[in-house]
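# Chain and residue survey
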Amino acid sequence: MNRINSSGEKQEQICRRVALVTGAGRGIGRAIALALAQQGDFVIVNYNGSGEKALETLKMIESAGGAGEVYGCNVADFDACGAMIKDLVARHKHIDVLVNNAGITRDGLLAGMSEEDFDRVLEVNLKGCFNTMRHLSRQLLKQRGGRIVNLSSVSGIMGNPGQANYCASKAGIIGLTKSAARELGSRGITVNAVAPGLIETEMTEHLPEAVREDMTRQILLKRAGSVRDVAQTVAFLVSDAASYITGQVISVDGGMST
Ligand code: NAP
């Protein structure tokens, strides 16, 4: 099997698991891509708007001795996701791991939230997970195995003022995860969700200080988490060590949702 590295060279690919991580150009997705590559997976670094950053992620993977490729695709687009999965399966013959990490926020109070902001967040966060899972599940059923991890959020468990759209999308991901786990389990496919709390990324860097302080007060460990905290949990869930875990929501939130 061949692959194209970040320098555009064709290289022989040793037989390893293929892992697709959506939104892996930056933030938590990048950390997950690096963690999976470190475990030996060939990582498809998906991006939408941040092509340069996705290439940076790939270079980081390669500098650490790993392998992968970048792939631009808007996860909110059902047909584009279908085309991406078809192309990846045609070239790699198998996809073993799917991590649905791509996500956005469009915060605002319910009373003033625009229909567009509600729809867009649902389209990317929830329908994006459906789109990739829908197109990949037939392949995983054929393979009789595979791992899916979806990024939910503490907000999907507890709710959060100013985030009705985001919380609805992240709660929806939990239902989607549990249903898929029930449908796919008999073929050895595990489906789990990870629900991070306050994690330091671009998504949270513009939070008003008062909101950050209020959240930190609710965190038992009294501090925000790192992208590595989330990535290590995802890496565990797709590893052999987690082969008997499915349909679960694992909170990585310093005890915030306890
Ligand atoms: P981030 O830094 O804002 O990164 C978001 C990622 O999603 C980017 O890589 C972005 O890619 C990708 N993305 C957005 N729209 C996309 C689309 N239509 N198609 C493909 N990719 C798309 O966010 P983060 O903090 O790393 O969050 C990652 C995930 O964890 C999200 O699902 C988020 O909801 C969840 N989460 C985060 C926290 C937190 O505190 N940070 C807490 C709980 C849950 P491009 O730049 O290429 O568009």
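Residues numbered from 1 in each chain as written. Predicted model: local features only at pLDDT ≥ 70, side-chain atom pairs only at ≥ 80, totals over all residues. Heavy atoms only, no water.

Okay, the site of the ligand next. Around the ligand, the structure places 30 residues, and the nearest of them are Ser-50, Asn-74, Asn-101, Tyr-166 and Thr-201. Interatomic distance of 2.9 Å between a backbone N/O atom of Gly-23 and an oxygen atom of the ligand. Within the contact set of the ligand, an oxygen atom lies 2.8 Å away from a backbone nitrogen or oxygen of Asn-48. Its free accessible area being 890 Å², the ligand has 95% of it covered by the protein chains. Elements represented by at least two residues in the shell around the ligand include exactly helix 1 (27-38), strand 4 (42-47) and helix 6 (164-184). Looking at the shell around the ligand, its residues break down into 13 nonpolar, 14 polar and three charged. (Near = heavy atom within 4 Å. Polar contact = N/O pair within 3.5 Å; in protein donor to acceptor, adjacent residues only side chain to side chain. Areas by Shrake-Rupley, 256 points an atom, 1.4 Å probe, with all protein chains shown as cover. Helix = DSSP H or I, 4+ residues; strand = E, 2+ residues; numbered from the N terminus. Nonpolar A, V, L, I, M, F, W, Y, C, P; charged D, E, K, R; others polar.)

Across the sheet, seven strands lie side by side as 5-4-3-6-7-8-9; this open sheet has parallel pairing. Because the sheet does not close on itself, it has two edges, and the strands there are strand 5 (67-72) and strand 9 (249-252). Neighbouring strand axes in the sheet, compared pairwise and without regard to direction, differ in orientation by 20° on average. Bridge analysis of strand 7 (residues 146-151) against strand 8 (residues 189-196) gives six bridges, and the strand direction is parallel. The residue bridging Gly-146 from the neighbouring strand is Ile-189, located in strand 8. Against the sheet, helix 2 (residues 51-63) engages strand 4 and strand 5, with an angle of about 170° to strand 5. Sheet strands in contact with helix 6 are strand 7, strand 8 and strand 9, and its direction is about 160° off that of strand 8. (Pairing = 2+ DSSP bridges. Axes fitted to C-alpha atoms, helices over the stretch in contact; angles between N-to-C directions. Contact = heavy atoms within 4.5 Å.)

Along the chain, the position of Leu-122 falls in helix 4 (residues 115-143). As a C-alpha pair, Leu-122 and Lys-142 span 20 residues in sequence and 29 Å in three-dimensional space. The residues touching Leu-122, leaving out its near neighbours within four places in the chain, are Lys-127, Asn-165, Ala-168 and Ser-169.

Positive phi, normally seen in glycine, also occurs at Lys-93, with a value near 75°. Within the secondary structure, Lys-93 is located in the loop between helix 3 (78-92) and strand 6 (97-100). For Arg-144, which is not glycine, the phi torsion reads 55° and is therefore positive. Along the chain, the position of Arg-144 falls in the loop between helix 4 and strand 7.

For the coordinates displayed, the defined rule picks out one aromatic pair. Taking 6.1 Å as the distance between ring centres and 15° as the angle between the ring planes, the aromatic pair formed by Phe-78 and Phe-130 counts as stacked. Note that Phe-78 is positioned in helix 3 and Phe-130 in helix 4, a separation of 52 residues in sequence. For Phe-78, a relative accessible area of 26% gives the class partly exposed. Residue Phe-130 is classed as partly exposed on the basis of its relative accessible area, which comes to 36%. (Phe/Tyr/Trp six-rings, centres within 6.5 Å; stacked < 30°, edge-to-face > 60°. Buried < 20%, exposed > 50% of the residue type's maximum accessible area, 1.4 Å probe, protein only.)

For the rest of this paragraph, the subject is the side chain of Ser-152. Relative to the assigned elements, Ser-152 resides in the loop between strand 7 and helix 5 (154-158). Its relative accessible area of 3% is what places Ser-152 among the buried residues. Side-chain polar atoms of Ser-152 contact the backbone oxygen of Lys-170, separated by 2.9 Å. Discounting residues that sit within four places of it in the chain, Ser-152 has contacts with Lys-170, Ile-173, Ile-174, Ala-193, Val-194, Ala-195 and Pro-196.

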